[in-house]
Amino acid sequence: MKFSTLVVAGAALAAGVEGFSTSAPRAFGGIRQATPMKMAEAATEVDKMAALATSANEARGLAMDSIAAAHSGHMGLPLGCAEIGAVLYGSQMQYNPKDTQWINRDRFILSAGHGSMFLYSWLNLAGFDLSIEELKNFRQHHSQTPGHPEFPNSEHTTPGIECTTGPLGAGVSNAVGFAVSEKMAAARYNTDDHKIFDHHIYALAGDGCFQEGVSAESAAFAAQEKLDNLIVLYDSNEVTLDKMAEYTQSEDIIKRYDAYGWETYEIDGHDLAVVEETIAAAKASNNGKPKFIKCNTIIGKGMEETEGTNAAHGEAGVPYVDKARASIGLPEEKWFVSEGTRDFFSGVQEKNTKIYDEWQGTYAAWKEANADLAKELEDAVADNVMPAEDMIAAIPEMGGDAEATRVSGYKIIQEIAKLVPNYISGSADLHGSTRNYIDNGGNFGAGFDKTYSGKNLYFGIREHSMGTILNGIAYHGIFKASGSTFLVFVDYFRPTIRVASLAELGRVSYILTHDSIGVGEDGPTHQPVETVSGLRVIPNLDVFRPADAEETVAAYVSSVTRADGPTALILSRQNLDQNTDMPAQARREGSLKGAYVAKAETADLDLIIIATGSEVQHALAAAKDMPGARVVSMPCMELYERQSDDYKETVLPSTCTKRIAMEAGVSAPWYKYASKVVGVDRFGFSAPGDIVMAELGMSADNLSSEIATMN
């Protein structure tokens, strides 16, 4: 649907208002006389529109000055989308800059993260604790205004940043995860008497975001699950970095989103009245359709030399900043914000504070009436979970029969869901194989047997979207989310794991099964050999490859108790032996340290065998008749490296340099710990899994033969 300036002006005239359209006033006969109240309302509306227009230009000035000072950055979006920012932060969004963690605040995600000065400028104007000095330090070391927005972490704690963005298409897809989380929270915690969740998710995205395939996957999912709390604003400026957009795209994006099942709008993105009217209409439309607003804009608006061209995208306009500032009515003073704009946003804060205070009253009444539910929610928001040491003790022992760790995982996830009420999980169309379905948890979504309170998500065959949605759920800050697929397909969403690690998202984990050449008959396309090591090189990602059921308990527990980063759980398709010679709790406790002695030497130590996952059973078998051999199980290198030097010395004493490592994967990472490695440095082949394993050296006999060659 389209809103034109004339439609908005007509609505205003019907109420006796002529002022807030950008069209020239028109004479109409027979209009009833406006009452004093309506005239006052009209005057107020005109004042608001004037204030929004002024703030839009001052936001442009803040962006230009900061980018010019840095001699780096992207000027096109902050200038081209200023009116959108004015309406969002000055009129339509509910937020409280004094309580940036308010759980019912609207969320704004700048998917086109390169335009970060758009966001920093509006956060400053809206009253967040982001000073002009920080804007002056844009893109500088230790500033709160990095080149792309970063979710608060150990490096940056910028208030008002909901999501780390930069990789195009990811932010608008993260927004779908936010919308999932809000729907889920509303279904779980709202009652007939008290509504504590009813906010909206906004995302601003550009052409690049919609060319990236992940946004299409996520758009289909959002429509399928009727996420009508999601409003996506498309900065349609007809420009990409290399060329004008028409050089690489010719689709009708409105028809595409109509076909997905979204409610669509197309507007002039510089017409304040129309932008406001459209966003208000999108907010009010609870029809089960997510909202897509195509905002036709001019990139770099206000800078005559570059506006409307691909040169406006970056910092090419820096030489023209002073002229552009003057052309939009700004004084010579840099980083100028008028007293009128500050006063206007003080009024916005006052309005939002009233909404916030009313909500606090509702929340207090809800909490009094629902004490247990309130405790669950507050624990979820604060990320309060049972300590890992207590959690591993609370989960029953798994038993001694050989089984695949994916099967063990199915048993364990049931216990995790009981101990962590806000834990949810999903799969990219592989629940039957990855075995991470939460029994009696219900299915999330709309239609069929789904409800918004369900704990199991069906992502369809959309791995990349699954990763971004999981991250969005984690950013939203209520639920702990995991998602599953075959390990070999993790590269479809590797970028999302990297960002989760960078953003230190402890609320997300990845369940990756069919972990090696042991997959067998499906052949090398489905047999990962480089994949586990490829994940291990991502900083701040814990990669757990457990050797048996008890180690799998520790892996799951670690994934839900870790607070400062994500975890990848690497699980087997084939059955593995259980190390029943060692007590279950000892294996769990050792695994929580990343590595431990799985079999101690019975004579003077002269050899250490290090193994992980399905190869630990071979190491134990090979060492059985070697009194001087120690077997170290290392399910998680990263966790081991975080232990004290004293502990590491007890596991891998420096006095013993005769060491061999074994894993059914590429050998390179293991040379950090061993002088010889039995690995798989080639692709596999199609055959039963035990044959593939044996042919490629993953057996106790081959390990023994390799040990025999060592001095």
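Here, every reference points to the structure presented above.
Calculation criteria
- Residues numbered from 1 in each chain as written.
- Predicted model: local features only at pLDDT ≥ 70, side-chain atom pairs only at ≥ 80, totals over all residues.
- Heavy atoms only, no water.
- Helix = DSSP H or I, 4+ residues; strand = E, 2+ residues; numbered from the N terminus.
- Axes fitted to C-alpha atoms, helices over the stretch in contact; angles between N-to-C directions.
- Parallel < 35°, antiparallel > 145°, perpendicular 65-115°, else oblique.
- Contact = heavy atoms within 4.5 Å.
- Nonpolar A, V, L, I, M, F, W, Y, C, P; charged D, E, K, R; others polar.
- Salt bridge = Lys/Arg side-chain N within 4 Å of Asp/Glu carboxyl O.
- Buried < 20%, exposed > 50% of the residue type's maximum accessible area, 1.4 Å probe, protein only.
- Pairing = 2+ DSSP bridges.
- Phe/Tyr/Trp six-rings, centres within 6.5 Å; stacked < 30°, edge-to-face > 60°.
- Lys NZ or Arg CZ within 6 Å of the ring centre and 35° of its normal.
- Right-handed = clockwise from strand over helix to strand, strands pointing away.
- Arc of directions from axis to C-beta.
- Polar contact = N/O pair within 3.5 Å; in protein donor to acceptor, adjacent residues only side chain to side chain.

S.K.: I tried to follow unusual backbone geometry on my own but got confused; where do I start?
M.R.: In terms of backbone geometry, most residues other than glycine have negative phi values and most peptide bonds are trans. A positive phi angle, close to 50°, is found at H71, a residue other than glycine. Here H71 is to be found in the loop between α2 (36-70) and α3 (76-80). Positive phi outside glycine occurs at D429, with the angle close to 70°. Mapping D429 onto the fold places it in the loop between β6 (423-427) and α17 (431-434).

S.K.: Quick question: what am I supposed to make of the packing of helix α9 (residues 213-224) against helix α18 (residues 463-476) here?
M.R.: When two helices pack together, their arrangement is given by the angle between the helix axes and by the axis-to-axis distance. In the contact formed by α9 and α18, the axes pass within 8 Å of each other and the chain directions differ by 75°. As judged from the angle between their axes, α9 and α18 are roughly perpendicular. In this structure, α9 uses V214, E217, S218 and F221 to contact α18, whose residues at the interface are E463, H464, S465, T468 and I469. For the contact of α9 with α18, the residue count by class is 3 nonpolar, 4 polar and 2 charged.

S.K.: Would you mind showing me how to read the pattern of salt bridges here?
M.R.: Where charged atoms of side chains with opposite charge meet at close range, the side chains can pair. Per the counting criterion, the structure on display carries 33 salt bridges. When the shortest N-O distance is used, the salt bridge between E403 and K411 registers 2.8 Å. On the basis of relative accessible area, E403 is assigned to the buried category, the value being 11%. Among the charged side chains, a salt-bridge network with shared partners connects D515, R536, R545, E615 and E663.

S.K.: Any chance you could explain the pairing of strand β13 (residues 567-570) here in plain terms?
M.R.: Within a regular strand, the side chains alternate between the two sheet faces. Burial of β13 is two-sided: the residues T567 and L569 facing one way and the residues A568 and I570 facing the other way are all buried. Bridge count for strand β11 (residues 508-513) against β13 is 4 bridges, and the pairing is parallel. Residue L512 lies in a different strand from β13, and its bridge partner there is I570.

S.K.: I would appreciate a short explanation of the environment of V337 in the present structure.
M.R.: Along the chain, V337 turns up in the loop between α12 (321-327) and α13 (339-369). A relative accessible area of 16% means that V337 is categorised as buried. Taking C-alpha positions, V337 is 9.9 Å from N124, a pair spaced 213 residues apart along the chain.

S.K.: Quick question: what am I supposed to make of the sheet that holds strand β15 (residues 607-611) here?
M.R.: The strands making up a sheet are joined through hydrogen bonds of the backbone, oriented either antiparallel or parallel. The strand order across the open sheet formed by 5 strands is β14-β16-β15-β17-β18, and the pairing between neighbours is mixed. The outermost strands of the open sheet, each flanked by one partner alone, are β14 (596-599) and β18 (676-678). Strand after strand, the sheet turns through a mean of 30° between neighbouring axes, direction not considered.

S.K.: What is the right way to read the sheet that holds strand β5 (residues 291-296) from this model?
M.R.: The 5 strands lie next to each other as β1-β2-β3-β5-β4, forming an open sheet whose pairing is parallel. Every interior strand has two partners, whereas the edge strands, β1 (107-110) and β4 (263-268), have only one. Averaged over all pairs of adjacent strands, the angle between their axes in this sheet comes to 20°, without regard to strand direction. Contacting β1, β2 (201-206), β3 (230-236) and β5, helix α4 (residues 82-92) crosses the sheet at an angle of about 175° to β2.

S.K.: Looking at this structure, how should I read the packing of α9 against helix α10 (residues 253-260)?
M.R.: For the pair α9 and α10, interaxial distance at closest approach is 9 Å and the crossing angle is 45°. Between α9 and α10, the crossing angle belongs to the class labelled oblique. Where α9 abuts α10, its residues S215, A216, A219, A220 and A223 lie against R256, Y257 and Y260. Of the residues contributing to the contact of α9 with α10, the split by class is 6 nonpolar, 1 polar and 1 charged.

S.K.: Which parts of the structure should I look at to understand α4?
M.R.: For α4, the tally of buried residues reaches 11 of 11 residues, placing the bulk of the element in the interior. Among the residues making up α4, those that are buried are A82, E83, I84, G85, A86, V87, L88, Y89, G90, S91 and Q92.

S.K.: Just to check I follow, could you spell out the packing of aromatic side chains for this structure?
M.R.: To describe a pair of aromatic rings, one takes the distance between the centres and the angle between the planes. Under the counting rule described, the total for this entry stands at 30 aromatic pairs. Between F151 and Y475, the aromatic rings sit 4.9 Å apart at their centres with planes inclined by 65°, giving edge-to-face as the arrangement. Within this pair, whereas F151 is found in the loop between α6 (132-136) and α7 (170-189), its partner Y475 is found in helix α18, the two being separated by 324 residues in sequence. As far as burial versus exposure is concerned, F151 and Y475 are alike and both buried. The structure contains a cluster of three or more aromatic residues connected by ring pairs, namely W102, Y189, F197, Y356, W359, Y363 and W366. Positioned above the aromatic ring of Y247 is the side chain of K243, whose terminal nitrogen or guanidinium carbon lies 4.7 Å from the ring centre. Here the basic side chain of K593 rests over the ring of Y647, its NZ or CZ set 5.7 Å away from the ring centre.

S.K.: Looking at this model, I keep getting lost on the pairing of β11. Mind explaining?
M.R.: Of all 6 residues in β11, 6 are buried, a share of seventy percent or more. Neither face of β11 is open: one carries V508, Y510 and L512, the other S509, I511 and T513, and all of them are buried. As paired strands, strand β10 (residues 480-486) and β11 are joined by 6 bridges and run parallel to one another. Within β11, the residue paired with T485 across the bridge is L512. Of the crossover connections in this fold, the one passing from β10 over helix α19 (residues 494-502) to the parallel β11 is right-handed.

S.K.: Got a minute to help me understand the environment of E276 in this structure?
M.R.: In this structure, E276 sits in helix α11 (residues 272-284). C-alpha of E276 to C-alpha of E83: the two residues are 193 residues apart in sequence and 9.3 Å apart in space. Among residues more than four places away in sequence, those in contact with E276 are E45, K48, M49, V87, S91 and Q92.

S.K.: Would you take a moment to explain α10 for this structure?
M.R.: Helical periodicity: at 3.6 residues per turn, an α-helix aligns residues three or four positions apart in one direction. Along α10, the residues that are buried comprise I253, I254, R256 and Y257. Buried residues along α10 cover an arc of 160° about the axis, so they all sit on one side. Opposite the buried face of α10, by more than 90 degrees, sit the exposed residues K255 and A259. Here α10 starts with a cap whose side-chain oxygen sits 3.1 Å from the backbone nitrogen of I254, and that cap is D252. Just beyond α10, the residue with positive phi is G261, at close to 110°.

Note that every value here comes from positions in space, so none of it alone points to a role or purpose.
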